[in-house]
Amino acid sequence: MAQDPKYDLPTYTPTARGLHWLLALLIFIQLPLGFYMSYRGNDMPSVDEKGQPVKGVWDALTGFLYSSHKLIGLIVLALVVWRLLYRLTRGAPRSDPTVPPALTGVSHLVHWALYALLLVVPILGFLAISYGDYLDVFNFRLPAFVDKNEDLSKEIFEWHETGAILIIAFVVLHIAAAIYHRFLRKDRVVERMIPKRVA
Ligand code: HEM
Ligand code: HEM
């Protein structure tokens, strides 16, 4: 990536930074939304129309949350494909030379694990709703590419949840690393994603 003349170190391009922060924002919304809607639809204690205790509430709000989750998830998938193609063709700015190579290696592993998960988790979500035939997103019906198979759908939802938990684990590691670089090691790694203007 080219050096931006406004900064005194090579930074990610505005496109790479824009995609990074937009995806980070969507992931911060998508994870709690997924857990909450699933709790509301499957586990929240409530009563049915006869006053009998049941688990789960299927009202307009639950439907809205599920549709929002599916829509945001598909937007995440499209943005990740764009971001990956951009990253593979344009590369990244060179690493901060003061960081030991072993640490740079670990950070690259975490980045590529995140890319893989950001690709696989929404694909699993889409496969699960396809096999379960839960293809409605607001008033729109997504195309069905496979025949209905409830058991497979349940199984894929388990993988979808496990993948989402792995995203949380890697994002926690990633943010802890950003804090370490910015406040403990006091190097310039974070400035590559949040450039500080030089006077
Ligand atoms: C990176 C993107 C995504 C993330 C991080 C994510 C995360 C989650 C999480 C944390 C849950 C709750 C798991 C549970 O408690 O069972 C969930 C459930 C769900 N996700 Fe996603 N998801 C993503 C993309 C998608 C996509 C693209 C779709 C479909 C188009 C989708 C459909 C669903 C559905 C239908 C459920 C509910 C499962 C149930 O009620 O048992 N997700 N997701
Ligand atoms: C407060 C939150 C976050 C901070 C402070 C942060 C900070 C950073 C920084 C400084 C880099 C550049 C590191 C380097 O090149 O050495 C980076 C790269 C990256 N971040 Fe984040 N990040 C955050 C959230 C996220 C989230 C939520 C995701 C995805 C779920 C994510 C995914 C990535 C990926 C995949 C890269 C690698 C970029 C590349 O070289 O292709 N980040 N982040």
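Residues numbered from 1 in each chain as written. Chains lettered and ligands numbered in written order. Predicted model: local features only at pLDDT ≥ 70, side-chain atom pairs only at ≥ 80, totals over all residues. Heavy atoms only, no water.

*Asks:* Looking at this model, I keep getting lost on the layout of surface pockets. Mind explaining?
*Replies:* Which parts of space are left empty comes out when a probe the size of a water molecule is rolled across the atoms. When its volume is computed, the largest pocket comes out at roughly 1200 Å³. If you go around the largest pocket, you meet 44 residues; those closest to its centre are His 20, His 111, His 174, Ala 178 and Met 193. Put simply, the parts of the chain that give the lining of the largest pocket at least two residues each are helix H1 (14–43), helix H2 (60–90), helix H3 (101–132) and helix H4 (150–184). Taken as a whole, the second largest pocket spans an internal volume of roughly 940 Å³. What lines the second largest pocket is a set of 32 residues, and nearest its centre among them are Met 37, Ser 38, His 69, Phe 157 and His 160. At the level of elements, H1, H2, H3 and H4 are the ones that each hand at least two residues to the lining of the second largest pocket. By residue number, the principal contributor to the lining of the second largest pocket is H4, which donates nine residues. Of the residues that constitute the lining of the second largest pocket, the class distribution is 18 nonpolar, nine polar and five charged. (1 Å grid on protein atoms, 1.4 Å probe; cavity = no way out; pocket = protein on both sides within 12 Å on 5 of 7 lines; lining within 4 Å. Points joined across faces, edges and corners; volume = space filled by probe spheres on them. Helix = DSSP H or I, 4+ residues; strand = E, 2+ residues; numbered from the N terminus. Nonpolar A, V, L, I, M, F, W, Y, C, P; charged D, E, K, R; others polar.)

*Asks:* Would you mind going over the nonpolar core with me for this structure?
*Replies:* Nonpolar side chains tend toward joint burial in soluble globular proteins. Ile 27, Val 76, Val 80 and Ile 167 are the most contacted members of the largest nonpolar core, which totals 23 residues. Ignoring anything within four residues of it in the chain, the contact list for Val 80 reads Leu 23, Tyr 115, Leu 118 and Leu 119. (Core = buried A, V, L, I, M, F, W, Y, C linked by side-chain atoms within 4.5 Å. Buried < 20%, exposed > 50% of the residue type's maximum accessible area, 1.4 Å probe, protein only. Contact = heavy atoms within 4.5 Å.)

*Asks:* Teacher, can you tell me more about the site of ligand 1 here?
*Replies:* Of all residues adjacent to ligand 1, which total 23 residues, the nearest are Met 37, Asn 42, Tyr 66, His 69 and His 160. One of the side-chain N or O atoms of Asn 42 is found 3.0 Å from an oxygen atom in ligand 1. Between ligand 1 and Tyr 66 there is a distance of 2.5 Å, counted from an oxygen atom to a side-chain nitrogen or oxygen. In this structure the site holding ligand 1 corresponds to the second largest pocket. Listing elements by their share of the shell around ligand 1, those giving two or more residues are H1, H2, H3 and H4. For the shell around ligand 1, the element with the highest residue contribution is H1, accounting for eight residues. (Near = heavy atom within 4 Å. Polar contact = N/O pair within 3.5 Å; in protein donor to acceptor, adjacent residues only side chain to side chain. Sits in = over half its atoms within 2 Å of the grid points.)

*Asks:* Mind showing me how you'd approach the environment of Thr 15 here?
*Replies:* Relative to the assigned elements, Thr 15 resides in helix H1. Filtering out sequence-adjacent residues up to four positions away, Thr 15 remains in contact with Trp 82 and Tyr 86.

*Asks:* Any chance you could explain the coordination of the iron atom of ligand 1 here in plain terms?
*Replies:* Six octahedral donors around a metal ideally sit at 90 or 180 degrees from one another, while four tetrahedral donors ideally sit at 109.5 degrees. Around the iron atom of ligand 1, the protein supplies His 69 (NE2) and His 160 (NE2) as donor atoms, at distances of 2.0 Å. Here the iron atom of ligand 1 is ringed by six donor atoms whose angles at the metal span 86 to 180°, and the overall shape comes out octahedral. Of this pair, His 69 sits in helix H2 while His 160 sits in helix H4; the two residues are 91 residues apart in sequence, bridging distant segments of the chain. For His 69, a relative accessible area of 12% corresponds to the buried category. For His 160, a relative accessible area of 17% gives the class buried. (Donors = N, O, S within 2.8 Å, 3.2 Å for Na, K, Ca; no water. Tetrahedral: all angles 85-135°; square planar, octahedral: opposite > 155°, others 65-115°.)

*Asks:* Which parts of the structure should I look at to understand a nonpolar patch on the surface?
*Replies:* Nonpolar side chains collect at one region of the surface, where Phe 28, Leu 103, Ile 175, Ile 179, Tyr 180, Phe 183 and Leu 184 lie side by side and expose about 690 Å² of accessible area between them. Sort the elements by how many residues they give to the nonpolar patch and H4 lands first, with five residues. Structurally, the position occupied by Ile 175 is in helix H4. (Patch = residues over 30% accessible without salt bridge, like charges linked within 9 Å, V, L, I, M, F, W, Y side chains within 5 Å. Areas by Shrake-Rupley, 256 points an atom, 1.4 Å probe, with all protein chains shown as cover. Salt bridge = Lys/Arg side-chain N within 4 Å of Asp/Glu carboxyl O.)

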